[in-house]
Amino acid sequence: MSLILLIEQILNGLQFGIMLFLMAAGLTLIFGVMGLINLAHGSLYMIGAFCAAAVAGKTGSFLLGLIAALAGAAIAGALVELVVIRRLYRKDHLDQVLATFALILIFSEGTRWIFGSFPLFLDVPDYLSGPITLPGGIQYPLYRLALIVIGLAVGLGLYLLISKTRLGVQIRAGENDREMIAALGIDIAKLYTIVFALGAALAGFAGALVGAIQSVQVGMGEPVLIMAFVVIVIGGIGSIKGALIGALLVGLTDTLGGIFLPEVMKLFFDPSTATSIGSSLASMAIYVLMAAVLVLKPAGLFGARA
Amino acid sequence: MIRETHVNAFTLALFVAIPLWAVMADEPFTITLMTRAAVFAIAAIGLNVALGLGGLVSLGHAVFFGLGGYAMGILAHHAQTYTALAEWPLLIEGTKSMPVIWLTAIAVSSLAALAIGILSLRTAGVYFIMITLAFGQMFFFFAISWSEYGGEDGLSIYVRNGFPGLNTLDPIQFYGLCLALLCLVLVFVWRLAKSPFGLALNAARQAPVRVETVGLDPARLRLVAFVLSGAIAGLAGALFADLNRFVSPVMFSWQTSGEIMIFVILGGVGRLFGPVVGALVFVALEHWLGELSEFWHIYLGLLLLLIVLFGRGGLIGMVSGREAVHD
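If you're wondering where the values come from, they're calculated on a predicted model, not measured in any experiment.

1. Remarks on the nonpolar core
Counting 209 residues, the largest nonpolar core has Met34(A), Phe229(A), Phe15(B), Leu51(B), Leu182(B), Phe226(B) and Met261(B) as the members making the most contacts within it. Not counting chain neighbours up to four residues away, the residues in contact with Phe15(B) comprise Met34(B), Ala37(B), Ala38(B), Tyr175(B), Leu179(B), Leu182(B), Val276(B) and Leu280(B). Core analysis: the second largest hydrophobic core is formed by six residues, Leu134(A), Tyr140(A), Leu145(A) and Ile148(A) among them.

2. Quick look at the state of the cysteines
Taken as a whole, this structure holds zero disulfides over all chains when the rule is applied. The closest cysteine sulfur to the non-disulfide-bonded Cys183(B) is located on Cys178(B), 11 Å from its own sulfur.

3. A closer look at the side chain of Ser120(B)
Residues and elements named next belong to chain B. As for its placement among the helices and strands, Ser-120 is situated in helix 4 (residues 98–120). There is a polar contact of 2.6 Å between the side chain of Ser-120 and the backbone oxygen of Ile-116. The contacts of Ser-120, once residues within four sequence positions are left out, are Phe-128, Ile-131, Thr-132 and Phe-135.

4. Things to note about the environment of Leu272(B)
Residues and elements named next belong to chain B. The topology assignment puts Leu-272 in the loop between helix 10 (254–267) and helix 11 (274–292). Between the alpha carbons of Leu-272 and Glu-4 there is a distance of 10.0 Å; along the sequence they are 268 residues apart. In contact with Leu-272, not counting residues within four places along its chain, are Leu-186, Val-189 and Trp-190.

5. Regarding the confidence of the model for chain B
Residue and element names in this part refer to chain B. Mean pLDDT over chain B works out to 90, with 98% of the residues at or above the 70 mark. Per-element confidence in chain B is highest for helix 9 (residues 218–244), whose mean pLDDT is 96, and lowest for strand 1 (residues 84–86), whose mean pLDDT is 79. Predicted complex metrics record ipTM = 0.84 and pTM = 0.88.

6. Concerning the interface of chain B and chain A
Across the contact, 43 residues belong to chain B and 48 residues belong to chain A. Between chain B and chain A, roughly 4100 Å² of surface is buried when both sides are summed, and carbon and sulfur atoms account for 83% of that area. On inspection of chain B and its partner chain A, the count reaches zero salt bridges. Linking chain B with chain A are five residue pairs in polar contact (both at pLDDT 80 or more). Contributions of two or more residues to the side of chain B that touches chain A are made by helix 5 (125–145), helix 10 and helix 12 (296–309) of chain B. Among the elements that line the side of chain B that touches chain A, the one with the most residues is helix 5 of chain B, at 14 residues. Its residues placed into classes, the side of chain B that touches chain A shows 29 nonpolar, ten polar and four charged.

7. Focus on the packing of aromatic side chains
Residue and element names in this part refer to chain B. Applying the stated criterion across every chain, the model contains 18 aromatic pairs over all chains. Taking the centre distance of 6.0 Å and the plane angle of 65° together, the rings of Phe-282 and Trp-296 count as edge-to-face. Here Phe-282, found in helix 11, pairs with Trp-296, found in helix 12; they are 14 residues apart in sequence, far enough to count as distant. Taken together, Phe-40, Phe-65, Phe-240, Phe-263, Phe-282 and Trp-296 form an aromatic cluster joined through their ring pairs.

8. Structural notes on the pairing of strand 2 (residues 138–141) of chain A
Two faces make up the sheet, and in a regular strand the side chains alternate between them. Residues and elements named next belong to chain A. Burial along strand 2 is one-sided: the face carrying Ile-138 and Tyr-140 is buried and the face carrying Gln-139 and Pro-141 is not. Of the pairings in the sheet, the one linking strand 1 (residues 131–134) to strand 2 comprises four bridges and is antiparallel in character. For Ile-132, the partnering residue across the bridge sits in strand 2 and is Tyr-140. Where strand 1 folds back on strand 2, the antiparallel hairpin that results is connected by three residues, among which Gly-136 adopts a positive phi of roughly 95°.

9. What about the UniProt feature "transmembrane region" (unreviewed entry) in chain B?
All names here are of chain B. Here the UniProt feature "transmembrane region" (unreviewed entry) sits at residues 35–56, 63–80, 100–119, 126–146, 172–193, 223–240, 260–285 and 297–319. This span, residues 172–193, is 100% helix and 0% strand, and a straight line between its end C-alpha atoms measures 31 Å. Secondary structure content for residues 297–319 is 83% helix and 0% strand, and the end C-alpha separation is 24 Å.

About the cut-offs
- Residues numbered from 1 in each chain as written.
- Chains lettered and ligands numbered in written order.
- Predicted model: local features only at pLDDT ≥ 70, side-chain atom pairs only at ≥ 80, totals over all residues.
- Heavy atoms only, no water.
- Core = buried A, V, L, I, M, F, W, Y, C linked by side-chain atoms within 4.5 Å.
- Buried < 20%, exposed > 50% of the residue type's maximum accessible area, 1.4 Å probe, protein only.
- Contact = heavy atoms within 4.5 Å.
- Disulfide = S-S within 2.5 Å.
- Helix = DSSP H or I, 4+ residues; strand = E, 2+ residues; numbered from the N terminus.
- Polar contact = N/O pair within 3.5 Å; in protein donor to acceptor, adjacent residues only side chain to side chain.
- pLDDT = per-residue confidence, 0-100.
- Buried area = accessible area lost by both parts, 1.4 Å probe.
- Salt bridge = Lys/Arg side-chain N within 4 Å of Asp/Glu carboxyl O.
- Nonpolar A, V, L, I, M, F, W, Y, C, P; charged D, E, K, R; others polar.
- Phe/Tyr/Trp six-rings, centres within 6.5 Å; stacked < 30°, edge-to-face > 60°.
- Pairing = 2+ DSSP bridges.
- UniProt positions renumbered as here; feature names shortened; annotations may be inferred.

Below you can see the structure in the form of structure tokens.
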């Protein structure tokens, strides 16, 4: 196990974690502001990826594809909020789970209807393809490095949006006291639509970015959604900082676990048993991490409310 | 408006009449569909103990359903390959006997429910939903990577397991067995809801502080409810696996958890027959809509959305005009 491999895997883990962060940030924001648990967040991720693949396939431009992903997911998010989601804020979590589960069925089958069951492919643009040599002579795919940078930039943008702008003040106020900000003359219904569309756009953006390294297909959103849940449970629901730290923890645990647990098992078992036990354990590692965090801090690392 | 007890009696009558008709008309597929409905109903009744009585929104009941399925799969697999399940510390062999398989399924899923319950019940609300969901995924991925028992492909059983005195290969006899178990579970849950434990659990959902002041521990009541709920879902899982003579990680998938929850909501949360009606309607929809369109999940989604947004108390609530028992 060389140092170069280790650094490569750490970068892979970071890249995965940053993409999870884009998903988790939207989920945690929507929960923090509106108190809504949104299972359909994975569908918005899928919609972003399909918009990007369709537009990039037609125009040949990856950048246009990304813009289409942001716009498509934001529009889908705003529409869903206006038609369905806003009727759910006053309902209990059970109704929210079911209604958003119903939305997943509708979105998944709808997408299958339009695009068929075969996966689409989104190509990495020429200017981001190929490996790059990092200091120390490590060869690493440029696109994955770009994902880390883009993700961090979006995270920074989100931080500035929430801490420095007027909209951010309203979002934070909405988390704390919705009656008060309504009394101060802020259109809370509009604010909710904007927050939901923002979360949707983040998910769609992540879907498009990841779509270029995996295939774009129906059902791609749900595994990511569940991992994003693990992230926000670990980070604490409603906390964007928690989402970032949780996402990096989950990304690193999952990636490094998949590589190193089989190796560690080889110290105790014969190679084929070790690989099988190691990979079983690795696939469970993030859930064990989550259980451990919960035992120590039931409200997550940075959660205010349980 | 029809009284709820009449709706319940009518549902039970359907469970008897439809298969009888199918036997006379020689429609074995209808019997299989009804068996499917009965087994789903048992799973959903299990979830309803946690959800309706306990107010615990678990999106991870596929764990118990899947464990029941794998209990059957593993025991029968060892029996049909004549290999021992474990040789040390004591010799455990596989079996093809349904009662043994059921008891194993119930024991294994109760233990899992105990462990998951102890961890998850430290939290409430959205956290609980997400954690149960995450535990479901944990078992799902474990089953996929467990290559000894088929991994992603699952396990097939050549011949359905046996029950003393019955020929389980005959669809109607296996159906009768499932229906008998469904009735047993219904009676058990009905008695449970009326028992001091059921009343305390109900109270713990509505007013936990009051329950605590009279000296009961709401957390413990919820844990017991969660374990009972998991045990019933485990039994259903073993039956489902026997019905298909096949188990796969799909039984652990979060879609399975979602579907079990749909059965409960479709029929009506917290109502004794809610899960039964829900499972029957779901299987009927699956069959008819599935024939109409390959994309029948869209219609299922729309129907579910309408029920959540506008229908109070599920189908039973809409028919009998009574508000949901669940608050």
